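Here is how the chains run, residue by residue.
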Amino acid sequence: MDVLITPSILSADFTNLEAELGRIASADFAHVDVMDNHFVPNLTIGLPVVERLVRVSPVPVDVHLMIEDPDRWAPGFAEVGAASVTFHAEAAQAPVRLARELRRLGARAGLALRPATPVEPFLDLLGEIDMLLVMTVEPGFGGQPFIDGTLPKIRRARQAIGESGLDVWVQVDGGVSVTTIERAAEAGANVFVAGSAVYGADDAAAAISELRRLAALGHRH
Ligand code: DX5
Ligand code: ZN
């Protein structure tokens with residue numbers, strides 16, 4: 001299983017995003033958190049800014065939509081060139097229709113679950129998505145502690161994906177650091193979002209390679 005590291009620019013300096021993206025050129029994706037102050041109690045950036053970020057990012061952009069009504073808004077992010085667009089299961093009216101639309105527009109389609117949302121109702125839809133995002137904190141803010149209670153869900157998701165024979169990535173987001181990444185990897189995650197753990201480091205490239213090393217170690221267990 002390939003390890004993919006996707007630093008979240010939520011912990012970057014928002015006055016200097018082009019330079020901040022330059023710090024993570026050794027990552028696999030740049031994770032961009034879009035929040036609308038309704039689905040989560042925080043507000044970040046919208047489509048016009050993401051469109052510019054896609055243009056200047058040295059790596060493909062992985063958009064995480066923490067917004068209401070993704071059925072209406074998510075396709076726009078695929079249209080401006082995001083490589084991956086993830087919407088929340090709790091917010092989508094028609095997740096299958098939306099995932100198909102995102103794929104039709106050339107993006108990878110991601111489905112996100114809050115910590116208290118079970119994965120079982122979505123297991124029959126694995127063929128419709130490219131990535132399942134298991135939130136390992138309540139979405140909304142960076143710098144929160146990893147919730148270990150999400151590990152069994154990661155494990156069940158990975159097992160179901162294995163049984164299906166599909167190539168669906170399992171992403172974890174929230175509290176991922178050098179102290180937690182191994183157990184998330186061991187449970188079956190292969191895509192790791194890290195905000196404060198990368199942007200809080202003096203040397204972001206060194207932080208990325210250390211996370212990569214530890215995740216690969218977790219996969220060997
Ligand atoms: C939180 C966001 C995350 C956030 C993670 O709702 O979805 O992407 O940036 O931050 P850390 O890695 O600091 O927990
Ligand atoms: Zn995120």
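Residues numbered from 1 in each chain as written. Chains lettered and ligands numbered in written order. Predicted model: local features only at pLDDT ≥ 70, side-chain atom pairs only at ≥ 80, totals over all residues. Heavy atoms only, no water.

**What about the site of ligand 1?**
Stated precisely, the cut-off is as follows: Proximity is defined per residue: any heavy atom of the residue falling within 4 Å of a molecule or strand makes that residue near it. Any pair of nitrogen or oxygen atoms within 3.5 Å is treated as a polar contact; in protein, a donor-acceptor pairing is required on top of that, and neighbouring residues in sequence qualify only through side-chain atoms on both sides. The method behind every accessible area is Shrake-Rupley, applied with a 1.4 Å probe, and residues are considered shielded solely by the protein chains displayed. Runs of E in the DSSP output that reach at least two residues are strands. Runs of H or I that reach at least four are helices, and both are numbered from the N terminus. Residues are grouped as follows: Ala, Val, Leu, Ile, Met, Phe, Trp, Tyr, Cys and Pro are nonpolar; Asp, Glu, Lys and Arg are charged; every other residue, Gly included, is polar.
Taken together, 19 residues form the shell around ligand 1, and within it Ser-8, Gly-140, Asp-173, Gly-195 and Ser-196 come nearest. In the environment of ligand 1, an oxygen atom lies 2.8 Å from a nitrogen or oxygen atom belonging to the side chain of Ser-8. Gly-195 places a main-chain nitrogen or oxygen 2.7 Å from an oxygen atom of ligand 1. Compared with its free state, where it exposes 380 Å², ligand 1 has 100% of that area covered by protein. For the shell around ligand 1, the elements supplying multiple residues, two or more each, are strand S2 (30-35), strand S3 (61-66) and strand S8 (191-194). Considered class by class, the residues forming the shell around ligand 1 number 7 nonpolar, 10 polar and 2 charged.

**Here's the deal with the coordination of the zinc ion (ligand 2)**
Keep this limit in mind: Each metal's donors comprise the N, O and S atoms found within 2.8 Å of it (within 3.2 Å for Na, K or Ca). Water is not part of the atom list, so some coordination spheres may appear incomplete. Every angle between 85 and 135 degrees makes a four-donor site tetrahedral, while opposite donors more than 155 degrees apart, with all other angles between 65 and 115, make a four-donor site square planar and a six-donor site octahedral; other sites are irregular. Only protein chains enter the area calculation, which uses a 1.4 Å probe; residues under 20% of their type maximum are buried, those over 50% are exposed, and those in between are partly exposed.
Around the zinc ion (ligand 2), the protein contributes the donor atoms His-31 (NE2), Asp-33 (OD), His-64 (ND1) and Asp-173 (OD), which lie 2.1 to 2.3 Å from the metal centre. Around the zinc ion (ligand 2), the 6 donor atoms are arranged such that angles at the metal cover 71 to 171°; this shape is classified as octahedral. Positions of the donor residues of the zinc ion (ligand 2), expressed as sequence spacing, correspond to H-x1-D-x30-H-x108-D. A residue pair is termed long-range when its members are at least 10 positions apart, and His-31 in strand S2 and His-64 in strand S3 qualify at 33 residues. The pair His-31 / His-64 is uniform in exposure class, with both members buried.

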